[in-house]
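Breakdown of the fold
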Amino acid sequence: MNNEQKIYIFDSTLRDGAQAQGISFSVHDKIKICKILDSLNIDYIEAGNPSSNPKDVEFFNMAKELNLKNSKLVAFGSTRKVATKVEEDINLKNLIKANTQIVTLFGKSSRFQVEQILKTTLEENLNMIKESIEYLISKGLEVIFDGEHFFNGYIEDKDYALKSILIAQNAGAKAIVLCDTNGGMLPNEIFEIVKDVKKYINIQLGIHCHNDMGVAVANSISAINAGVNHIQGTFLGVGERCGNANLSTILPILKFKLGLNILDDNIMKNLTVVSRHISEISNLKLRDDFPYVGSSAFAHKGGMHIDAVLKNSNAYEHISPNLVGNSRRFLISEVSGKSNIVKEVQKIFPKLSKDSNEVKIITKRLKELEHEGYQFEGAEGSIELVIRKVIGKYKAFFTLNSFKVIGEQPSHTGNFSSTAIINIEVDGKSEVTAAEGDGPIHALDKSLRKALEVFYPKLKQVRLIDYKVRVLDTNSGTDSKVRVLIESTDGIETWSTIGVSQDVIGASWIALVDSIEYKLIKDIEKNIKMFFL
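Just so we're clear, the structure is a prediction, and the values are computed from it rather than from any experiment. (Residues numbered from 1 in each chain as written. Predicted model: local features only at pLDDT ≥ 70, side-chain atom pairs only at ≥ 80, totals over all residues. Heavy atoms only, no water.)

**Some remarks on the packing of helix 3 (residues 90-97) against helix 5 (residues 122-138)**
Here helix 3 crosses helix 5 at 30°, and the two axes come no closer than 11 Å. Of the possible angle classes, the one that applies to helix 3 and helix 5 is roughly parallel. Taken as a pair, helix 3 and helix 5 cross one another with a handedness that is right-handed. Across the interface between the two elements, Leu 92, Leu 95 and Ile 96 of helix 3 pack against Ser 132, Tyr 135 and Leu 136 of helix 5. Counted by class, the contact of helix 3 with helix 5 contains five nonpolar, one polar and no charged residues. (Axes fitted to C-alpha atoms, helices over the stretch in contact; angles between N-to-C directions. Helix = DSSP H or I, 4+ residues; strand = E, 2+ residues; numbered from the N terminus. Parallel < 35°, antiparallel > 145°, perpendicular 65-115°, else oblique. Left-handed = near helix turned anticlockwise from the far one by under 90°. Contact = heavy atoms within 4.5 Å. Nonpolar A, V, L, I, M, F, W, Y, C, P; charged D, E, K, R; others polar.)

Take a look at the structure:
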């Protein structure tokens, strides 16, 4: 492929992604994500099906005021129904009412789907494709045609599958997209079929892959190598069943591995922040092990690995994390060498040498805490607080006077509920608050944040997104120590903290306090940097 050729990026997070289990975008969620994708210079944003639900109709009405600068909004729908005139088809009418310049129209490219699912003739299906595209074009719209089940159809009956996309091309479609709708194709199959199809198509040729075998990204890259110049997917790989091709993985592969003409360097540096922001709006945890944008993508734990990366990052990193806006992490654990502890210290206090007395004390303190049951490899927030306390660069943001947690069963809701009452003091001023939660930890978290928000309003942005408990010494029965690891976010950054105690509430309290203090310290540092800019 010519590296200077334009590659069109088509995002379907708000349409195909919305079909994923556990996702339900509000209209305002969709508006937010459109703005985020526009800032990333995504070419097409497929934002919904105006015939599927009232929410999408409302969205397209509101979207008229979006004023996107870089992206084009796309409405999605199907060809006319069997034995229906195009001008009477409700779906086509709704596509026109959506008032987008571009629409995606899907039609069947599989003989099996036509005969067994649509229950119509092969000729009628081709007429449905042709007439629907011509009708929408006559109304001033541009049409992207999705050949649904194309690859299965090609294997069943190559001639008919090709007819379905050629009739779309001849009807005036601006792009043809080949869909691996069942997600059952392998990369070599995708490559060979796309290479053959390329001979017949002289407009944009695209690929749309599902991840049912875990190879949607690989299949998409194979299609690019075979000649497509339009690639579809969703952020975080969300979608029906096992999801879609993950754009947060595909985009850096296209740019940094294939050297293709997409997104400039400065925009690519926003990829991690964009992925995290979309995950928050989607109410999904961004997986740590996601390539490029996950928190573990550039995380190193083994002492030998860390030592090598400190000498030359190419030793264990295939690209620099800065290229995608991520950061390198060195995990503190029982397999850590001294070098990664030094690195963590120097992140905060760069002038401290590896032979300084402070570094020795920090190393000793971390080992003592590990012996007590702490495990710091996933708790960078707590590590930083330990370092600050040893160095003497720590000041408590509040004083706990007391807290009480009360459990109730059955509650007025019929479930186990808890109430937490907390009394704290900040700069000589006391605050007493209470909150009800679904359990003791939830109630304590809500009560603590409610009290502290009086003094630190920015804590309203913070919420707990993950909570893990592990019993450390099971032989001790109910007297066992427990370790609590929590992950928090302010919608932009995420961080983890840890607590260990013989009491799950006590361990949770330690982790919660660390989480809040870490956030407040970071806010102070940001304000100082802004002051000196």
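That was the structure; now back to the text.
**Focus: the side chain of Ser 295**
Structurally, Ser 295 is set in the loop between helix 12 (271-281) and strand 9 (299-300). Separated by 2.9 Å, the side chains of Ser 295 and Asp 288 make a polar contact. Once residues within four sequence positions are removed from consideration, Ser 295 is found in contact with Asp 288 and Arg 329. (Polar contact = N/O pair within 3.5 Å; in protein donor to acceptor, adjacent residues only side chain to side chain.)

**Observations regarding the UniProt feature "domain: Pyruvate carboxyltransferase" (unreviewed entry) in the protein chain**
Under the UniProt annotation, "domain: Pyruvate carboxyltransferase" (unreviewed entry) lies at residues 7-268. Counting secondary structure, residues 7-268 comes out at 44% helix and 18% strand; the distance between its end C-alpha atoms is 15 Å. (UniProt positions renumbered as here; feature names shortened; annotations may be inferred.)

**What to know about the packing of helix 1 (residues 27-39) against helix 2 (residues 54-63)**
Contact geometry of helix 1 with helix 2 gives a least axis separation of 9 Å together with a crossing angle of 45°. Taken together, the axes of helix 1 and helix 2 are oblique relative to one another. Classified by chirality, the crossing of helix 2 by helix 1 is right-handed. Contacts between helix 1 and helix 2 pair Val 27, His 28, Lys 30, Ile 31 and Cys 34 from the former with Lys 55, Asp 56, Glu 58, Phe 59 and Met 62 from the latter. Counted by class, the contact of helix 1 with helix 2 contains five nonpolar, one polar and four charged residues.

**Some remarks on the domain arrangement of the protein chain**
The domains assigned to the protein chain are domain 1 (8-263) and domain 2 (333-397 + 456-532). Here the C-alpha centre of domain 2 lies 45 Å away from the C-alpha centre of domain 1. (Domains from an automatic or database assignment.)

**Brief notes about the sheet that holds strand 6 (residues 175-180)**
Pairing between the strands of a sheet is mediated by backbone hydrogen bonds and can be parallel or antiparallel. Read around the closed barrel, eight strands run 1-2-3-4-5-6-7-8, paired in parallel fashion. Taken over all neighbouring pairs, the strand axes of this sheet differ in orientation by 25° on average, direction set aside. Examined bridge by bridge, strand 5 (residues 142-148) and strand 6 share four bridges and lie parallel to one another. Looking across to strand 6, one finds that Asp 146 is bridged to Val 177. Helix 10 (residues 247-257) rests against strand 1 (8-11) and strand 8 (230-233) of the sheet, and its axis sits at about 175° to strand 1. (Pairing = 2+ DSSP bridges.)

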